[in-house]
Amino acid sequence: MNVVTCIAPINIAVIKYWGKRDDDLILPVNDSISTTLDKDHLCTKTTAMASSDFKEDRMWLNGSEQSMDNPRLQNCLRELKKRAQISEEMQNWKLHICSENNFPTAAGLASSAAGYACLVTTIAKLYKVEGEVSELARVGSGSACRSMYGGFVRWFMGSDPKGSDSIAKPIVPVSHWPDMRILILVINDSQKKVSSAQGMKRTLMTSELIKYRIDKILPTKINQMQQAILNKDFESFAELTMKDSNQMHAVCLDTYPPCIYMNDTSHLIVDLIHSYNATSSKIKVAYTFDAGPNATLFLLEKDVPEFVSVLDHYFPSIENINIEYKKGIAIETILPSKNLLEKINFTKQTAGKLKYIIHTRIGNGPEQLSDCKSHLLNSQGLPVASLITNC
Ligand code: DP6
């Protein structure tokens, strides 16, 4: 059967990629570091099928057919074909691709990263491509190269003008820091106004501060972050994560016209986390924001019940909503102590500022699904009726 199905994870950067030195090859202006999230809670699933019966290449994303006329997609397919280890006859067969996310697309939840990582993993298996493939995912979407590995991952910017050394490498596997937990606070899951690609281009063209970030800050910060991860030093990891997120959004604001991704609720979350950390004079929770308003929080497993009780107190959910408000790993319900609430300098918000919460952990890289029932295309190469809710 010329059909392969894979799943791939999203990743969240703790040292952000913001800016390209080559827009076509997607070569970044700095190294970045990310955490790969568990596919049980957030992932993309892709099926690719090649057949001599197909008349044209076709692709479906989340149930609707997409144009194949997309330069990034075409770059990926061209690079995959160059490295294919299959007969010339099969290389000429047309492809059908069907992909689904179990989370909102383009809401600042790294959907393009999981999407391209999954597409490249799936077609690389179909075409029997061997060796390093993170550079193939990179030409689809920069951050996608980091989703090709599990655990904590570093994307090296490289120096080759053709990008052969701009690849991702794992720093440590999932098993290194098993009690690290992630909370994604979904504030808004509608599509963002300025894409990351447009935003970072505008930043490089107009911001003075980005130069300082690239030349003076990041070369030291990236190594400090790698060391904090290797040492499992949560407080250093957390402080570096928050400062890097703030700096990325500062250069976005220094962009002209400015790119504004965080909203009022995002800033309230930042404020709550600093107020909460101040109560124990210890950093227990860190935040980071990508090109959207949603917050990704890092904390240790032992601190999850207390922090979530504080979050529930200050950001109450709407009662009787018919969606699952807390998704992912179950969270023990406790009430925050009166003493703790008295120490937190924060005002209770109106209900419904957070749409839902996903509680997850660090996870592994992409994987192939061997069960033929997992294919998203039927034997005619058309999407099967069901929509996945879980990968
Ligand atoms: C803010 O990888 O989406 O999430 O390479 O243009 O596809 P393109 O951009 P993309 O940018 C991600 C930017 C970020 C930070 C990060 O993930 O490092």
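The rules behind each value
Residues numbered from 1 in each chain as written. Predicted model: local features only at pLDDT ≥ 70, side-chain atom pairs only at ≥ 80, totals over all residues. Heavy atoms only, no water. Helix = DSSP H or I, 4+ residues; strand = E, 2+ residues; numbered from the N terminus. Rg over C-alpha atoms; globule rule 2.2 N^0.38 Å. Buried < 20%, exposed > 50% of the residue type's maximum accessible area, 1.4 Å probe, protein only. Contact = heavy atoms within 4.5 Å. Areas by Shrake-Rupley, 256 points an atom, 1.4 Å probe, with all protein chains shown as cover. Lys, Arg positive; Asp, Glu negative; His and termini not counted. Charge placed at Lys NZ, Arg CZ, Asp CG, Glu CD. Salt bridge = Lys/Arg side-chain N within 4 Å of Asp/Glu carboxyl O. Disulfide = S-S within 2.5 Å. Polar contact = N/O pair within 3.5 Å; in protein donor to acceptor, adjacent residues only side chain to side chain.

### Brief notes about the overall build of the chain
- Each helix and strand in the chain was counted, giving 10 helices and 17 strands.
- Here the C-alpha radius of gyration of the chain, 21 Å, is about what a compact globule of 391 residues would show, namely 21 Å.
- Its C-alpha atoms give the chain principal-axis dimensions of roughly 70 × 50 × 40 Å.
- Here the chain holds 391 residues, and 56% of them are scored as buried.
- Nonlocal contacts in the chain, meaning residues at least 24 apart in sequence, comprise 79% of its contacts between residues at least 6 apart.
- When the accessible surface of the chain is totalled, it reaches about 17,300 Å², and 50% of it is carbon and sulfur.
- In the chain, the 43 positive side-chain charges and the 42 negative ones have mean positions that sit 2 Å from each other.

### Regarding the pattern of salt bridges
- Inspection of every chain in the model, using the stated rule, returns 15 salt bridges.
- For the salt bridge of D31 with R154, the shortest nitrogen-to-oxygen distance reads 2.9 Å. Linking D31 in the loop between strand 4 (27-28) and strand 5 (32-36) with R154 in strand 10 (residues 152-155), this pair joins segments that are 123 residues apart in sequence.
- Residue R154 is classed as buried on the basis of its relative accessible area, which comes to 9%.
- Across the pair K326 and D312 runs a salt bridge, and its minimum N-O distance is 2.6 Å. Pair noted here: K326 is in strand 15 (residues 326-328) and D312 is in helix 9 (residues 304-314), with a separation of 14 residues, a long-range link.
- Using a relative accessible area of 26% as the deciding quantity, one classes D312 as partly exposed.
- Each member of the salt-bridge network shares a partner with another, and the members are R78, E79 and K82.

### Side note on the state of the cysteines
- A full pass over the atoms with the stated rule returns 0 disulfides.
- The cysteine C76 is free of any disulfide, with C145 supplying the nearest cysteine sulfur at 11 Å.
- C76 gets classed as buried once you look at its relative accessible area, which sits at 0%.

### With respect to the side chain of N30
- You can see N30 is positioned in the loop between strand 4 and strand 5.
- A relative accessible area of 3% means that N30 is categorised as buried.
- Among the polar contacts made by the side chain of N30, one reaches the main-chain carbonyl oxygen of K16 at a distance of 3.0 Å.
- Discounting chain neighbours no more than four positions away, the residues touching N30 are K16, Y17, W18, M157 and L218.

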